[in-house]
Amino acid sequence: MQFTFNLYASGVRSVPVQLGSRSYEIKVAPGLLPKLGGECARLKLGDRCAIITDANAGKKYAEPAYESLVRSGFEPSLITVPAGETAKSLRTVQNCYDRLAEQQLERKSFIVALGGGVVGDLAGFVAATYLRGIPFVQLPTTLLAQVDSSVGGKTGVNLRAGKNLVGAFYQPRLVLCDLDTLKTLPEREFRAGLAEVVKYGIIYDAKLFARLERDLPKILKRDQEVLAPVIARCCEIKAEVVGKDETESGLRAILNFGHTIGHAIENSVGYGKFLHGEAISIGQVAAAKLSQRILGLPQRDVGRIENLFQRAGLPVEIQLSSTRRKKLFAAMRLDKKVSGGEIKFVLAEKIGRVVWGQKISTSLIEEALAA
Ligand SMILES: NC(=O)c1ccc[n+]([C@@H]2O[C@H](COP(=O)([O-])OP(=O)(O)OC[C@H]3O[C@@H](n4cnc5c(N)ncnc54)[C@H](O)[C@@H]3O)[C@@H](O)[C@H]2O)c1
Ligand SMILES: [Zn+2]
């Protein structure tokens, strides 16, 4: 792997996200949560603050976050939302606004998002819109949030009509990935996060992919020595992609590898049956098979991809009844990337390199899912 991140003597890895005046740092290390207050003070983010968390992450980490902020002279308020995707709603946003106003958070205030991707997306959107925008800090506590959702500035909530339909591009001022918080993450959530980690290897970094193949047993044991450089490398790849294409007019689309099929599985089989990471694991394997047909991705690479997901305990195929199959393709046609009956795909030429904008007919996709 080619690292460009800084490794401080303290053992903290620091990845820069370069976006001009909106640039910020992602720190990856154990023990960052107790340093939250000091970090916020250093950045001079404001006087008052609010921690937005969910019931699960809050139970474990609200107290140390709160105490750290108090030690640095802040008077934080704590807003706890219910755990789960349903909290990503305009109703919860409204509740958060009301609480912030009650606590008299004004322009010189900031928000700390403490939790997984749900909390990050929700709290980020609240920060983007409350008083037309106040600063926020991400303290992601799931693997998915550490390697993906906390980086890059996509914030938002769901509507009944679909996921992430209301939102804003709004960058955090700092991201603190505390590896210690991953210790309490349920096994299934951890493995689901690995689906995004593997994705970075496929789309951008063959050496990362090879390292994952080699170190998977240690990663599954959440060995911090092994996890730290891997998480930092994933953040670095996302930062690089976002730095080149913040609002997804081109390159950023590569982050959607496996996601067109993955989202369709989530939409048609129903949220709840598959976690996002599980759905995109199936989606990435299908995309690899399509890549073989269309771009000549070597069979050996398809096998390595399928095998790595399998070893990570993730599903690689889906059994579909004909009704489900119809629903899945209907869901795929509703996807943003569809035009004129063809679906725009991200496909791999080889592990570590993908191309986007490949137009694929639904019949080929059907074959890849059936194979
Ligand atoms: N903004 C982006 O770029 C982006 C990218 C990918 C995904 N997302 C969004 O992220 C969300 C999914 O995020 P997620 O997978 O982190 O789900 P999540 O936030 O729902 O967290 C998963 C579960 O783990 C619990 N949890 C969180 N941290 C924990 C910890 N350390 N210990 C124990 N339990 C913990 C949560 O309460 C929840 O029950 C989706 O809404 C998705 O749309 C956004
Ligand atoms: Zn994803």
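Residues numbered from 1 in each chain as written. Chains lettered and ligands numbered in written order. Predicted model: local features only at pLDDT ≥ 70, side-chain atom pairs only at ≥ 80, totals over all residues. Heavy atoms only, no water.

1. With respect to the overall build of the protein chain
Within the protein chain, the regular secondary structure consists of 13 helices and 13 strands. For 371 residues, the compact-globule estimate of 2.2 N^0.38 gives 21 Å, and the protein chain sits close to it at 20 Å. Burial statistics for the protein chain: of 371 residues in total, 56% are counted as buried. Look at the contacts in the protein chain between residues 6 or more apart in sequence, and 75% of them connect residues 24 or more apart. Roughly 15,700 Å² of accessible area belongs to the protein chain as shown, and the carbon and sulfur atoms make up 49% of that amount. Side-chain charges in the protein chain split into 51 positive and 38 negative, and the spacing between the mean points of these groups amounts to 2 Å. (Helix = DSSP H or I, 4+ residues; strand = E, 2+ residues; numbered from the N terminus. Rg over C-alpha atoms; globule rule 2.2 N^0.38 Å. Buried < 20%, exposed > 50% of the residue type's maximum accessible area, 1.4 Å probe, protein only. Contact = heavy atoms within 4.5 Å. Areas by Shrake-Rupley, 256 points an atom, 1.4 Å probe, with all protein chains shown as cover. Lys, Arg positive; Asp, Glu negative; His and termini not counted. Charge placed at Lys NZ, Arg CZ, Asp CG, Glu CD.)

2. Regarding the environment of G283
Looking at the secondary structure, you find G283 in helix α10 (residues 276–295). Judged by its relative accessible area of 0%, G283 falls in the buried class. Between the C-alpha atoms of G283 and C96, which are 187 residues apart in sequence, the distance is 35 Å. Residues contacting G283, with those up to four places away along its chain left out, are G258, I261 and G262.

3. Topic: the site of ligand 1
In the vicinity of ligand 1 lie 24 residues, with D54, G117, T141, T142 and T184 positioned nearest. At a separation of 2.9 Å, a nitrogen atom of ligand 1 approaches a polar backbone atom of T181. Contacts to ligand 1 include T184, whose side-chain N or O atom sits 2.8 Å from a nitrogen atom. A total of 860 Å² of accessible area belongs to ligand 1 in isolation, and the protein chains cover 87% of it. Going through the elements one at a time, α2 (55–71), α4 (117–129), α5 (143–149) and β9 (162–169) are the ones with two or more residues in the shell around ligand 1. (Near = heavy atom within 4 Å. Polar contact = N/O pair within 3.5 Å; in protein donor to acceptor, adjacent residues only side chain to side chain.)

4. Brief notes about the pattern of salt bridges
Counted under the stated rule, the structure contains 23 salt bridges. Linking D121 and K88 is a salt bridge whose minimum nitrogen-to-oxygen distance equals 2.9 Å. Separated by 33 residues along the polypeptide, D121 in helix α4 and K88 in the loop between β5 (75–81) and α3 (90–102) bring together distant segments of the chain. This pair shows no difference in class: D121 is buried, exactly as K88 is. Salt bridges linked by common partners bring E25, K27, E39 and R42 together as one network. (Salt bridge = Lys/Arg side-chain N within 4 Å of Asp/Glu carboxyl O.)

5. Notes on the coordination of the zinc ion (ligand 2)
Geometry reference: four tetrahedral donors at a metal, ideal angle 109.5 degrees. Six octahedral donors, ideal angles 90 or 180 degrees. Only E196 (OE), H259 (NE2) and H276 (NE2) from the protein coordinate the zinc ion (ligand 2), and they sit 1.9 to 2.1 Å from it. Of note, the donors binding the zinc ion (ligand 2) are all from one chain and are spaced E-x62-H-x16-H. Of this pair, E196 sits in helix α6 (residues 187–204) while H276 is found in helix α10, placing the two residues 80 residues apart along the sequence. The class for E196 is buried, based on a relative accessible area of 0%. (Donors = N, O, S within 2.8 Å, 3.2 Å for Na, K, Ca; no water.)

6. Notes on empty space enclosed by the protein
Applying the stated rule across the entire model yields two cavities of 30 Å³ or more. When its volume is computed, the second largest cavity comes out at roughly 30 Å³. Along its surface, the second largest cavity is lined by G115, G116, G117, G120, Q138, P140, A145, S149 and S150. Residues belonging to the lining of the second largest cavity are distributed by class as follows: two nonpolar, seven polar and no charged. (1 Å grid on protein atoms, 1.4 Å probe; cavity = no way out; pocket = protein on both sides within 12 Å on 5 of 7 lines; lining within 4 Å. Points joined across faces, edges and corners; volume = space filled by probe spheres on them. Nonpolar A, V, L, I, M, F, W, Y, C, P; charged D, E, K, R; others polar.)

7. Quick notes on helix α12 (residues 322–334)
Between its first and last C-alpha atoms α12 spans 19 Å; for 13 residues at 1.5 Å apiece the expected length is 18 Å, and the two agree. Taken together, the buried positions of α12 are L328, F329, A331 and M332. Along α12, the residues classed as buried sweep out an arc of 155° about the axis, all on the same side. Turned more than 90 degrees away from the buried face of α12, the exposed residues are S322, T323, K326 and L334. (Expected span 1.5 Å × (residues − 1). Arc of directions from axis to C-beta.)

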